[in-house]
Amino acid sequence: KSRETADPAADSSPKLVAAEHQDEAASKKNLCVKAAKEHNIPKDLNKVLENKVMETVLDLFYVKLSVVEMTCSGDADSEGIVSQSVSSHSDLIPGVYEGGLKIWECTFDLMDYFSEAEIEFTNKTVLDLGCGAGLLGIVALRGEAARVHFQDYNSTVIDEITLPNVVANCTSCSGKDRKASKPPSKRPKNAEGSPDVLNRCRFFSGEWSQVSQLLLNSNKPCSKYDIILTSETIYNPDYYSALHDTLAQLLDRNGHVYLASKVHYFGVGGGIYLFEKFIEEKNVFRTSMVKTIDQGLQRCIMEITFK
């Protein structure tokens, strides 16, 4: 499928559950509290792909969301985010579900920019922050990154979306062999191939500041990241402080953040220029708008580095 017809990216703006989030003071108390945890990669990779139907966009595999919605229940959706998202027809339930089940269009903007700007991932340490489907981190893996870590707010997203996507892409075709691979079948075959690629991955869920503390205080010491990738994570201004602090704590002194965003998120309040102003006031980073996309809702890609 082309990205134009990939159904997860069809909606350009998040739909919020409105009624219960009008009281800002109440909502802020509920934000940014989800504890962090690391998700182990199962030894039996076939179990990761069990009951999953895969589709493709830009030669990358991704889990078909409608099948996850039908099959994900009980322990597989311990947070209840799949059922809540479906029943409320909402892409975002602040503090509960933060949109990771869908692939948002700025992800594709950032992937295009990687090619145009010839971003080099070889031997770099990369964090896909607010990863959702994990496509940005998967591109970094294919670009021979030394380590790629994936983080999403929701543990269900990591287990049911991100991890299956990484396994499907890493075990079906890796590195230079991918161009010769055949088009994928809708039902993934047995996971064979590149466990060495998965050895370069770690997966985390939880709120950003909690994940930062887990990484910095982990038994497995984590060096700072050369590159942090993040797409459509600045829709809610309530999260700006946590995001800024996370970038400041986890980015290597000479590292780069590539952030893709809409100029404005109607109904949610955030946007690229509001976040740019927030960064300027903190006086820790310098920012550069490296690309603007004018088709549909205006979107931008911002590069962030330390001053």
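One can find the structure itself at the top, above this paragraph.
All values derive from a computational prediction rather than experimental measurement. (Residues numbered from 1 in each chain as written. Predicted model: local features only at pLDDT ≥ 70, side-chain atom pairs only at ≥ 80, totals over all residues. Heavy atoms only, no water.)

Peer 1: I'd love a proper account of the sheet that holds strand 4 (residues 125-129), names of residues and values included.
Peer 2: In space, the eight strands of this open sheet follow the order 1-6-5-4-7-8-10-9, with mixed pairing throughout. The sheet terminates laterally at strand 1 (37-39) and strand 9 (285-293), the two strands that pair on one side only. The average angle at which neighbouring strand axes cross in this sheet is 20°, direction not considered. The pairing of strand 9 with strand 10 (residues 299-306) spans eight bridges and is classified as antiparallel. Paired with isoleucine 293 across the strands is arginine 299, a residue of strand 10. On the sheet, helix 5 (residues 105-117) packs against strand 7 (225-231), strand 8 (251-262), strand 9 and strand 10 and is oriented at approximately 130° with respect to strand 8. (Pairing = 2+ DSSP bridges. Helix = DSSP H or I, 4+ residues; strand = E, 2+ residues; numbered from the N terminus. Axes fitted to C-alpha atoms, helices over the stretch in contact; angles between N-to-C directions. Contact = heavy atoms within 4.5 Å.)

Peer 1: Any chance you could break down the packing of helix 5 against helix 6 (residues 135-142) for me, citing the residues and the numbers?
Peer 2: A pair of packed helices is characterised by two quantities: the angle between their axes and the separation of those axes. The contact between helix 5 and helix 6 brings their axes to 10 Å, and the two run at 20°. Our classification of the angle between helix 5 and helix 6 gives roughly parallel. Handedness of the crossing formed by helix 5 with helix 6: right-handed. Where helix 5 abuts helix 6, its residues Thr107, Phe108, Leu110, Met111 and Phe114 lie against Leu135, Leu136 and Val139. (Parallel < 35°, antiparallel > 145°, perpendicular 65-115°, else oblique. Left-handed = near helix turned anticlockwise from the far one by under 90°.)

Peer 1: Explain the pattern of salt bridges to me, using residue names and the numbers behind them.
Peer 2: Going through the model one piece at a time under the given rule, you end up with 11 salt bridges. The shortest N-O distance in the salt bridge between arginine 202 and glutamate 38 comes to 2.8 Å. Placement of the pair is arginine 202 in strand 6 (residues 201-205) and glutamate 38 in strand 1, with a sequence separation of 164 residues. By relative accessible area, which is 26% here, glutamate 38 ends up partly exposed. The residue lysine 262 makes a salt bridge to glutamate 232 at a minimum N-O spacing of 2.7 Å. Taken together, the residues span a long stretch of sequence, with lysine 262 in strand 8 and glutamate 232 in the loop between strand 7 and helix 10 (240-250) at a distance of 30 residues. Taken individually, lysine 262 and glutamate 232 each receive the classification buried, so the pair is uniform in this respect. (Salt bridge = Lys/Arg side-chain N within 4 Å of Asp/Glu carboxyl O. Buried < 20%, exposed > 50% of the residue type's maximum accessible area, 1.4 Å probe, protein only.)

Peer 1: Let's hear about the packing of aromatic side chains: which residues, and what values?
Peer 2: Both the distance between ring centres and the angle between the ring planes are used here to describe each pair of aromatic rings. Summed over all chains, the structure comprises 10 aromatic pairs. Arranged with centres 4.9 Å apart and planes meeting at 70°, the rings of tyrosine 240 and phenylalanine 275 form a pair that is edge-to-face. Of this pair, tyrosine 240 sits in helix 10 while phenylalanine 275 sits in helix 11 (residues 272-282), placing them 35 residues apart in sequence. Using a relative accessible area of 2% as the deciding quantity, one classes tyrosine 240 as buried. Positioned above the aromatic ring of tryptophan 104 is the side chain of lysine 102, whose terminal nitrogen or guanidinium carbon lies 4.7 Å from the ring centre. (Phe/Tyr/Trp six-rings, centres within 6.5 Å; stacked < 30°, edge-to-face > 60°. Lys NZ or Arg CZ within 6 Å of the ring centre and 35° of its normal.)

Peer 1: Run through the packing of helix 9 (residues 208-216) against helix 10, naming residues and quoting values.
Peer 2: Contact pair helix 9 / helix 10: the axes reach a minimum separation of 9 Å and the direction vectors enclose 20°. With respect to their mutual orientation, helix 9 and helix 10 come out roughly parallel. Relative to helix 10, the crossing made by helix 9 is left-handed. When helix 9 is examined against helix 10, the residues Trp208, Ser209, Ser212, Gln213, Leu215 and Leu216 are found in contact with a partner set consisting of Ala242, Leu243, Thr246, Gln249 and Leu250.

Peer 1: Can you lay out the environment of isoleucine 103 for me, pointing to particular residues and giving the numbers?
Peer 2: Structurally, isoleucine 103 can be placed in the loop between helix 4 (81-88) and helix 5. What makes isoleucine 103 buried here is its relative accessible area of 5%. Linking isoleucine 103 and glutamate 232, residues 129 residues apart in sequence, is a C-alpha distance of 9.8 Å.

Peer 1: Please set out the environment of leucine 45 residue by residue, giving values where relevant.
Peer 2: Its location among the elements puts leucine 45 in helix 2 (residues 45-48). As a C-alpha pair, leucine 45 and leucine 163 span 118 residues in sequence and 9.7 Å in three-dimensional space.

Peer 1: An account of the state of the cysteines is needed here, citing residue identities and associated values.
Peer 2: Taken as a whole and assessed by the stated rule, the structure comprises zero disulfides. Sulfur of cysteine 201: no disulfide; nearest cysteine sulfur belongs to cysteine 170 and is 5.3 Å away. The class of cysteine 201 is buried, set by a relative accessible area of 5%. (Disulfide = S-S within 2.5 Å.)

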